[in-house]
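Fold and contact review
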Amino acid sequence: MNITDVRVRKVAKEGKMKAVVSITIDDEFVVHDIKVIEGEKGLFIAMPSRKATDGEYRDIAHPINSSTRSEIQTIILNKYEEAVALEEAEAEIAYLD
């Protein structure tokens, strides 16, 4: 499995959710609505979920094992950090102009 594209959409409002991400796997399969969340121990991802009739949220797409989850999380968080750094650099350039 290769993640061939990661698209990060930063969330402008304050709160724990920092971004919503879509990933493409092997240029053939897309997973939308992966959330980047700021928790007590740092950033992590939450897979797309839906509220069930019992009020619980259940993932509608997720990795089968922890090593795949870790790989996906690492790739997504790296792209998120790149997006944050780029946004900060652009803001600094705009400020200097």
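Our subject is the structure that appears above.
Residues numbered from 1 in each chain as written. Predicted model: local features only at pLDDT ≥ 70, side-chain atom pairs only at ≥ 80, totals over all residues. Heavy atoms only, no water.

**Observations regarding the pairing of strand 3 (residues 29-39)**
The sheet contact formed by strand 2 (residues 17-25) and strand 3 spans 7 bridges and is antiparallel. The partner of Ala19 across the bridge, within strand 3, is Val36. Between strand 2 and strand 3, which pair antiparallel in sequence order, lie 3 residues; one of them, Asp26, sits at a positive phi of approximately 55°. Relative to strand 4 (residues 42-46), strand 3 runs antiparallel, the two sharing 5 bridges. Bridge pairing links Glu38 to Leu43 in strand 4. Linkage of strand 3 to strand 4, two consecutive antiparallel strands, is achieved through a turn of 2 residues. (Pairing = 2+ DSSP bridges. Helix = DSSP H or I, 4+ residues; strand = E, 2+ residues; numbered from the N terminus.)

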